[in-house]
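For reference, the chains in residue letters:
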Amino acid sequence: MPMSFSWEELGLAKVWIDGDESTVLYDVEHRAVLSDEDAAPGLLRLRFPDAARRFTDDDRTVNLRTLARALLPGQAEHRVGAIADALEIPVTASEPERFARILEGLLHEAEGLDRQALALLAQVLPEPTAGLLNHLLLLPVPEQSAPEEAAGDGEAGNSVSVESLDEAFAMDGPIGRAFGTFEVRSGQLKMAYAVEKALRDGEAALVEAGPGTGKTFAYLIPALLHLKANPSDRIMISTRTRQLQEQLYGEDLPFLIRHLAPDLDIALLKGRENYLCFRRWQALIGELTESLERDALLPSLAPLIRWLSETETGDIEENNAFQSDPESRALWPRLYDSAHHCTGLFCPYGEECFSVQARRRARKADLVVVNHSLLLSDLAVDNVILGKYTHLVVDEAHTLEAVARAAFTRRLTERSFLRLADDLAPTARRNRGWLNRTPFVGATDARQRVEDLLSKLRILTGTAFRQFAENLPDERRAAFNALTELSEEIGESPILLTQLEDALDRLSDHLEEDEPLKELEGYIRTVQALRETVEALSSPPSDNTVHWYERATRALVFQATPLDVAPFLEKLLYPRLKALVLTSATLSLGGDFDFLCRSIGLSDEAFPLQPLIAESPFEYEQRMRIVVPRFLPPAHGELEPYTQALAELIGGLSQRLGRKGLALFTSYAMMQAVQREMRDDPPTLVQGDVSRTALIERFKRSPSPIWLLGTESFWEGVDFPGDELEIVLVTRLPFPVPTDPVLAAMGERLSRLGRDPFVDLSIPLAGLKLRQGVGRLIRTIGDHGLVLLTDQRIVTRGYGRLFARSLPVPVDVVTSEAALLDDAAEWFNRAP
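The following refers to the structure shown. These figures come from a predicted structure and were not determined experimentally.

Rules used throughout
Residues numbered from 1 in each chain as written. Predicted model: local features only at pLDDT ≥ 70, side-chain atom pairs only at ≥ 80, totals over all residues. Heavy atoms only, no water. Salt bridge = Lys/Arg side-chain N within 4 Å of Asp/Glu carboxyl O. Helix = DSSP H or I, 4+ residues; strand = E, 2+ residues; numbered from the N terminus. Buried < 20%, exposed > 50% of the residue type's maximum accessible area, 1.4 Å probe, protein only. 1 Å grid on protein atoms, 1.4 Å probe; cavity = no way out; pocket = protein on both sides within 12 Å on 5 of 7 lines; lining within 4 Å. Points joined across faces, edges and corners; volume = space filled by probe spheres on them. Disulfide = S-S within 2.5 Å. Axes fitted to C-alpha atoms, helices over the stretch in contact; angles between N-to-C directions. Left-handed = near helix turned anticlockwise from the far one by under 90°. Contact = heavy atoms within 4.5 Å. Nonpolar A, V, L, I, M, F, W, Y, C, P; charged D, E, K, R; others polar. Pairing = 2+ DSSP bridges.

Two side chains of opposite charge can pair, provided their charged atoms sit close to one another. Enumeration over the complete set of coordinates arrives at 46 salt bridges. The closest approach of N and O atoms between Asp18 and Arg47, which form a salt bridge, is 3.2 Å. With a gap of 29 residues between them, Asp18 in strand β1 (residues 14–18) and Arg47 in strand β4 (residues 45–47) connect regions that are remote in the sequence. For the pair shown, Asp18 and Arg47 are each scored as buried. A salt bridge links Asp719 to Arg776, with the nearest nitrogen and oxygen atoms 3.8 Å apart. Here Asp719 is found in the loop between β20 (707–710) and β21 (727–730), whereas its partner Arg776 is found in the loop between α31 (757–774) and β22 (785–789), with 57 residues between them in sequence. Residues participating in the shared-partner salt-bridge network are Glu77, Arg79, Arg698 and Arg701.

So this is what it looks like as structure tokens:
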């Protein structure tokens, strides 16, 4: 694409390029390195800082990473290599040439922006980048090519005749014809018939379906056929992970709708906090532009500008650049849609509102894809978000209890108070609080009363949280009885919050416009909710609640968490449903579903229960081997000898086998100790170095053998097919941490009921999680590899043998590293 600007016009004919290798003078137009003697005074500099490093740029430096984050917000990563790949810059380009071509590509991206978006981008980015963008605004608007029309699917008409599962799954049916490699899988068919029966007969189907079963089609197809036959019914599909939500809504359902039920409406809905609010966006831009935070925070909003001009959903999960930057993420609470900030019908952006549009689509849809958090939060407000639905399918159902516990938890932080105060009243740095920008009529005294109370609230909060920090134990996470035992000041906050609520209510007499009145109502609800949370945490917990704190990054978080969520689900969920389907790759332990049913309160009193284990089509015996090295120190013994042995083992595996590996840990301390022992030999990627998404992408793209070290979030929800992953190393049986305050309280509750916490809680949780971790290895029919269980308790303890029986193949034992490496090399050579 020819340039519509000259480098000379932009002041970029010659630039200094600050690279990792050196700083050189570069002729951008002719792509040539120049002698330093050719430099003129005042030349601009190009720099692409590492994500982990923060440079203080001056007004002569173009920060290419900042510009790339603004113009390519959807990229998974914003490293030099990733941006060069996205702009199709050859890997053979020298570092100076790569930087110059990145700048050229990014300016072309800027040229194609809507003029309003480009102007706003120039407003929020610092000089000299802002000057470059302002120059582009003076150029003629480039012609836009017409978008190509999507090719139609000529087979959609065949859907009218599909009324049964037999027709849907037939080799010559619409799905069979659309898939060149379609094959009937017995496990998938059994599951589909079980789901069909449950939806029809009012049952609860509990289906364990491992990788390769095709479980998504096995519940989506009967769900769609049920809706065709029963148009008055409405189905919710709930998942835990964003990845599965997007797969269902973006891929699986559109395909099936075309072929089976073109008249059905589907929708995707997430919680309001996922959607950007236009009104709050405009308010924040205006506030930061006039505040002392301008230079520090305005550039953090840059990744939102192009995205906002192009997104159809307003879902922040689309915007990797914004999500991956801590400073940008810190602004999200001031931007997302919230019931407490929404002005409803009085909002000037009501018709454009992403959140409103998403809820409208969902309310009209026959089938809605949601996440567990939204599903459970909706129960607490009597279905006002999702509306009434008759049938529920829960995928990733093994996480339902944990998500329910989180959904029904109350939380309190110092920011809970300060955000309210900062939103309402001006501070030294933020001079456009709600009180300042709202047109009151004769409210001088009433406003002053609110400001005085907010000042008292800030002082009280600061004192209380200092007392908390002094009086709490040193543990990162621990239980406590009541906030008032940790701080005298906090006991005064409910009274102060009540006074603030009354003072805000009096302000309504001085408002003549509907929009600020609705905003005021939202602030009053926020004060009420804050007071209720403080009161709940200030009294001793009930028998079914634990109070606990966590020293999170930059914050002290107090929480009130229910121990048993079964009563909530028994009362709020099951009575509303005609039928229920629960499915996951891991619902049972040794074929027993009792732990799941007890944890979520599901019994025959709610529905007739129909458990099923749908067999996987994978030939695990030929494609997976599970080995326990008996020559290692005990995993539950001293840390240093064990981590040294693990590092040596990983090094030996890498050197001998030359294959990619994933090491799963139960603690950051052990993971970091192993990392230190390995000294990047073999090369490693470690959770926490970059975002999870970026870590996964780097691991997948690595052409050479590499190891990924991960903790909690890598035990499930990641797929590395084929030679992307051939070794999984489980460093310790994943028992929950016994000192965890929630788990400890759950155990104490079980003891009071006469049950064994280890048998009835710790063993099931560890067994299910172990199955998830081992399941990372075989994800597609062509996968193969080796699992190493380095915790010898799998073969020395009784519960270990229970875990072993739940795994896909028998566990082998080896007694020396030499034997292990020889056997592994031979097995890989024989593997199909």
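Another aspect to go through is the layout of surface pockets. When its volume is computed, the second largest pocket comes out at roughly 1200 Å³. Counting only elements with at least two residues in the lining of the second largest pocket, the list comes to α9 (215–229) and α10 (242–260). Ranked by residue count, the leading element in the lining of the second largest pocket is α10, at 5 residues.

In the structure shown here, the tally under the stated rule is 0 disulfides. Cysteine Cys347 is unpaired, with the sulfur of Cys277 as its nearest cysteine sulfur at 5.8 Å. Using a relative accessible area of 17% as the deciding quantity, one classes Cys347 as buried.

Orientation of helix α1 (residues 64–71) relative to helix α3 (residues 95–111), taken along the N-to-C sense of each, is 35°, at an axis distance of 10 Å. The interaxial crossing formed by α1 with α3 has left-handed handedness. Seen from α1, the contacting residues are Leu64, Leu67, Ala68 and Leu71; seen from α3, they are Phe99, Ile102, Leu103, Leu106, Glu109 and Ala110. Residues that form the contact of α1 with α3 fall into these classes: 9 nonpolar, no polar and 1 charged.

What follows covers the sheet that holds strand β11 (residues 410–412). The sheet built from 4 strands is open, its strands ordered β11-β14-β13-β12 with antiparallel pairing. Of all strands in the sheet, those bounded by a partner on one side alone are β11 and β12 (477–479). Ignoring strand direction, the axes of neighbouring strands in this sheet form an average angle of 20°. As defined by bridge partners, β12 adjoins strand β13 (residues 545–552) across 3 bridges and the pair is classed as antiparallel. Considered in β13, the bridge of Ala479 is made with Trp548. With respect to the sheet, helix α21 (residues 444–471) is in contact with β13 and β14 (555–562), its orientation differing from that of β14 by roughly 80°.

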